[in-house]
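Structural description and commentary
The residues making up each chain are set out below.
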Amino acid sequence: MMVYTPVFVLFALMSHVYAQSVTIQYLAQETMIASGAHNSTPLVPPGLPNPMPNLAPFIQLSNNVPPGISIPLPSAFLGFSIEMSVANQVLGHNSSLIQVPFLNLAHNIVQRCGALKIRVGGNTQDHAAVDNGAHSSDLTHKILWKDYANRKSDNPTETPPVYLSQDFFYLLANISTFTNVHWYLGIPFNDTNWRLDIIDHTEAIIGDHFLGWQVANEPDFYKAHNLRDGNWSMADWLGELRLLVDTMSKEPKYANALTQFIIPSIANANGWTLQQLFDMGMVDQFNNNIKFLASERYPTDNCALVWHWPNPKDPQVEQANFLNHNTYIKNLVAEYIPSTAYAISKGKPFIMFETNTASCGGFPGISDSFGASLWSLDYAMQMAYGNFSGAMFHVGGQTTFYNPFTAPPTNETVFHQWTIGSMYYAASVMSEVMGTTNTSRILDLNANNGDAMTPAYIVYENDKPSKLGLFNYMDKAGGNAELTVSFAIGGSGVQEANGTPSSVKVKYLLSNSVADKGNFTWAGQTMGSAYGADGRLHGDEKVETINCNPDNTCQVKVPAPGFALVFLGSDPNPTAAYPSSTWATTRVTQTRNTAVVSQDVLATSNGHQNVAAKKYSTSYGSGNGNGAGARVTSSWVAVGSSVSHSRAFGSPLPILH
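So, here is what we can say about the structure in this document. (Residues numbered from 1 in each chain as written. Predicted model: local features only at pLDDT ≥ 70, side-chain atom pairs only at ≥ 80, totals over all residues. Heavy atoms only, no water.)

Describing helix 13 (residues 422-434)
End to end, helix 13 covers 19 Å across 13 residues, agreeing with the expected 18 Å (1.5 Å per residue, within 8%). Phi for glycine 435, located one or two positions after helix 13, is positive at around 70 degrees. (Helix = DSSP H or I, 4+ residues; strand = E, 2+ residues; numbered from the N terminus. Expected span 1.5 Å × (residues − 1).)

Rendered as structure tokens:
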């Protein structure tokens, strides 16, 4: 690992994107104007299904690894894909001004599964360039600068070219020094004048916490987005890959990068399919270059709203598609089973490199609802069952409904904090589903006779039953829909020894309705409501103990709506793969709305107990606010201080490969 100069940490709630208003049409005649990520208007929750599913299903489990279960999966399975143009909003203004709400959010996941994988890229990466000095005045104390004067019409998001400073790479490296984050980036591919200096800076600065290079982002859209002419084909793209390999091969310094390609990253759109590329010999031709095979896929889109096309989709109608196990989960992942099987046969991991509820920013009332938390957790577990080796939920700007987390608009950072979205709760829960052993294997149990409203999964770690995941998509507004799930491990019915423990521990992901926005709880703790989060879970952790029966059965209730994670003997309070870290600063320039990290731990999210007794808070009047906790302004002004860290800069962290 490289050694970095000490950083100054800005505990800031900032944004460097231009907040926009969008007109949102749904619920028939209702029209409203709102900033997408902070839109507070809910949809109407659906009624109960007719006929109703069995509310007291039984699940028979085995002591032994069952057929059809997934391959062993990495613990750091679910990560985030951050659009490059908003990296300064989400990660930090520069390497000295790091967003501590983001650090808290990252560390919360790291504590549960040992590491977090983040891709910085998206559509904007293809127009990115490392600045050669021409824009140094624009990049002073910044990680990136957007050239609005040369906004590209061929960029689908209409984002201007992004110029990166060297500090962009130091920012990523410094984040990895604080908490165990590993990074993916992309080689710009808007043309074949390869800008390979991004590799030079990455290898020199980020070092071992770098994972791989995406080579073209959704090339199946390049013609539609005017990045290539109308005759460009899959064969042409493979030819450009060969040109890139040949170009890099002339420089010995790129030997390592030549083994870290992530391809093809297509969305199976515009006539391109993974199977066609496999049949064309892509994997065999570039076998030595491929580190990951990848796809990008959103189950649907809301582009008509964004681009003012006719007949936009009605979120109220679309809602039901995200409140069941089949439509946008089981059916979607099934399309990829041949591809993941092929990847396994070639010894390559297959990842979903970018996904979320719907492209073009998601749907209001769906993507930011509790229902989306259940959907995205179910989707992640289904991908794991389908032998994906990882997936990343995308993070966009202020007008995006599906963001896992969003900083407040720039002009509101003095009085507003962050907004934590539905997808983040799912990612946090998924990190506990996976654990820290890197041995988890997952099986969709086809529970309750395959009912779409009540799916269930079993997790085996080290080839032993470890956790049971139970979903309930139904909304209690329609009446009683609580599940009482009975299960047994082993027993005479399957000619095995009784394996059900005498008691189990249960954590619940809950909200009052699938339509709720914010204030969801995981094991009794919450990130809070819109504009109210500092990246830490608050409240007392609640882990329920359920005593099982002498007849080798156990009953677990699953509220409507909700998810229950049943620990079958495994630890419900996993510890981090490395010790927690502490920071201290010496200057306070603002007394309200300042993000603070507790001195004893960066993110007290793993069983945060007795909040009232803590000295450190981000809310005015909560706690005494004294002590050595780090506190800084909610502006871009750095606090001049040294940083104390419980682990020396440059000391080893677990490295992912």
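Quick word on the side chain of threonine 202
Checked against the element boundaries, threonine 202 lands in helix 4 (residues 197-205). The residues contacting threonine 202, other than those within four sequence positions of it, are Phe169, Leu185, Gly207, Phe210 and Trp213. (Contact = heavy atoms within 4.5 Å.)

Considering the packing of aromatic side chains
For the structure on display, the rule yields 29 aromatic pairs. The interplanar angle of 45 degrees and the centroid separation of 5.0 Å between the aromatic rings of phenylalanine 189 and tryptophan 194 together place this pair among those described as tilted. According to the relative accessible area criterion, phenylalanine 189 is buried, its value standing at 0%. Among the residues examined, tryptophan 194 registers a relative accessible area of 14% and is labelled buried. With centroids separated by 6.3 Å and ring planes inclined at 35 degrees, the aromatic side chains of phenylalanine 405 and tryptophan 418 adopt a geometry described as tilted. Of this pair, phenylalanine 405 sits in strand 17 (residues 405-406) while tryptophan 418 sits in the loop between strand 17 and strand 18 (419-420), and the two are 13 residues apart along the sequence. Among the residues examined, tryptophan 418 registers a relative accessible area of 0% and is labelled buried. Through a chain of ring-to-ring contacts, the aromatic side chains of Phe189, Trp194, Tyr222, Trp232, Trp237 and Trp272 assemble into a single cluster. (Phe/Tyr/Trp six-rings, centres within 6.5 Å; stacked < 30°, edge-to-face > 60°. Buried < 20%, exposed > 50% of the residue type's maximum accessible area, 1.4 Å probe, protein only.)

As for the packing of helix 10 (residues 326-334) against helix 12 (residues 370-385)
Here helix 10 crosses helix 12 at 20 degrees, and the two axes come no closer than 9 Å. By the angle between their directions, the pair helix 10 and helix 12 is classed as roughly parallel. For the element pair helix 10 and helix 12, the recorded crossing hand is right-handed. Between helix 10 and helix 12, the contacting residues are Tyr328, Ile329, Lys330, Leu332 and Val333 on the first element and Trp375, Asp378, Tyr379, Gln382 and Met383 on the second. Each residue belonging to the contact of helix 10 with helix 12 can be placed in one class, and the counts come to 7 nonpolar, 1 polar and 2 charged. (Axes fitted to C-alpha atoms, helices over the stretch in contact; angles between N-to-C directions. Parallel < 35°, antiparallel > 145°, perpendicular 65-115°, else oblique. Left-handed = near helix turned anticlockwise from the far one by under 90°. Nonpolar A, V, L, I, M, F, W, Y, C, P; charged D, E, K, R; others polar.)

Brief notes about the state of the cysteines
Taken as a whole and judged by the stated rule, the model has 2 disulfides. Note on cysteine connectivity: cysteine 303 is disulfide-linked to cysteine 360, with sulfurs 2.0 Å apart. As the torsion about the S-S bond is roughly 85 degrees, the cysteine 303-cysteine 360 disulfide counts as right-handed. Here cysteine 303, found in helix 8 (residues 303-306), pairs with cysteine 360, found in the loop between strand 15 (350-355) and helix 12; they are 57 residues apart in sequence, far enough to count as distant. Cysteine 303 gets classed as buried once you look at its relative accessible area, which sits at 11%. Note that cysteine 548 is cross-linked by a disulfide to cysteine 554, the S-S spacing being 2.0 Å. Taking the torsion about the S-S bond as the criterion, the cysteine 548 to cysteine 554 disulfide, at about -70 degrees, is left-handed. Note on cysteine 548: relative accessible area 13%, which makes it buried. Sequence-ordered numbering of the bonded cysteines in the protein chain gives a pairing of 1-2, 3-4. (Disulfide = S-S within 2.5 Å.)

Some details on the sheet that holds strand 8 (residues 128-130)
Taking strand neighbours across the sheet as the criterion, the 3 strands line up as 8-10-9 in an open arrangement whose pairing is mixed. What marks the edges here is a single partner per strand, and that holds for strand 8 and strand 9 (144-146). When the angles between neighbouring strand axes are averaged without regard to direction, this sheet yields 25 degrees. Note that strand 9 and strand 10 (residues 162-164) share 3 bridges and pair antiparallel. Bridging across to strand 10, leucine 144 finds its partner in leucine 164. (Pairing = 2+ DSSP bridges.)

Re unusual backbone geometry
Working note: non-glycine residues mostly have negative phi, and peptide bonds are mostly trans. Residues asparagine 50 and proline 51 are joined by a peptide bond in cis, for which omega reads 10 degrees. Cis geometry is adopted by the peptide bond preceding proline 264, which originates at isoleucine 263 and carries an omega value of 0 degrees. Looking at where proline 264 falls in the secondary structure, it is placed in strand 13 (residues 261-266). Phi is positive for asparagine 446, which is not a glycine, with a value near 50 degrees. Within the secondary structure layout, asparagine 446 lies in the loop between strand 19 (441-444) and helix 14 (447-450). Residue class for asparagine 446 comes out partly exposed when judged on its relative accessible area of 45%. For asparagine 448, which is not glycine, the phi dihedral falls at a positive 55 degrees. Residue classification places asparagine 448 among the buried positions, given a relative accessible area of 11%.

Examining the pairing of strand 16 (residues 390-395)
Counted residue by residue, strand 16 has 6 buried out of 6 residues, so it is predominantly covered. Alternating positions in strand 16 separate into two faces, Gly390, Met392 and His394 on one and Ala391, Phe393 and Val395 on the other, with burial throughout. Across 3 bridges, strand 15 lies against strand 16 in parallel orientation. By the bridge assignment, isoleucine 351 is partnered in strand 16 with glycine 390.

Some points on helix 5 (residues 234-249)
For an α-helix the count is 3.6 residues per turn, leaving residues at separations of three or four pointing the same way. End to end, helix 5 covers 23 Å across 16 residues, agreeing with the expected 22 Å (1.5 Å per residue, within 8%). Here helix 5 has its buried residues at Met234, Trp237, Leu238, Glu240, Leu241, Leu244, Val245 and Met248. For helix 5, the arc enclosing every buried residue in end-on projection is 155 degrees, short of the 170-degree limit, so these residues lie on one face. (Arc of directions from axis to C-beta.)

Points about the pattern of salt bridges
Across all of its chains, the model carries 16 salt bridges by this definition. Here lysine 507 makes a salt bridge to glutamate 432, at a shortest N to O gap of 2.9 Å. Remark: glutamate 432 occurs in helix 13 and lysine 507 occurs in strand 23 (residues 503-510); sequence separation between them is 75 residues. Here glutamate 461 ties to lysine 467 by a salt bridge, and the two come within 2.6 Å at their closest N and O atoms. Judged by its relative accessible area of 11%, glutamate 461 is buried. A network of salt bridges, in which partner residues are shared, links Arg112, Glu432, Lys507 and Glu541. (Salt bridge = Lys/Arg side-chain N within 4 Å of Asp/Glu carboxyl O.)

Description of the environment of valine 65
Structurally, the position occupied by valine 65 is in the loop between strand 3 (58-61) and strand 4 (78-83). Between the alpha carbons of valine 65 and leucine 443 there is a distance of 9.6 Å; along the sequence they are 378 residues apart. Residues within four places of valine 65 in sequence aside, it is in contact with Arg441, Tyr460 and Asp463.

Regarding the nonpolar core
Within the largest apolar cluster, 160 residues are counted, with the highest numbers of intra-cluster contacts made by Leu91, Trp237, Met430 and Phe487. Contacts of methionine 430, omitting those with residues within four sequence positions, involve Phe77, Leu78, Leu377, Ala380, Met381, Ala384 and Ile442. (Core = buried A, V, L, I, M, F, W, Y, C linked by side-chain atoms within 4.5 Å.)

What to know about the sheet that holds strand 4
Sheets are built from strands paired through backbone hydrogen bonds, the pairs being either parallel or antiparallel. Spatial ordering of the closed barrel is given by 4-7-11-12-13-14-15-16, a layout of 8 strands whose pairing is parallel. Put simply, the sheet's adjacent strands are angled 30 degrees from each other on average, direction ignored.

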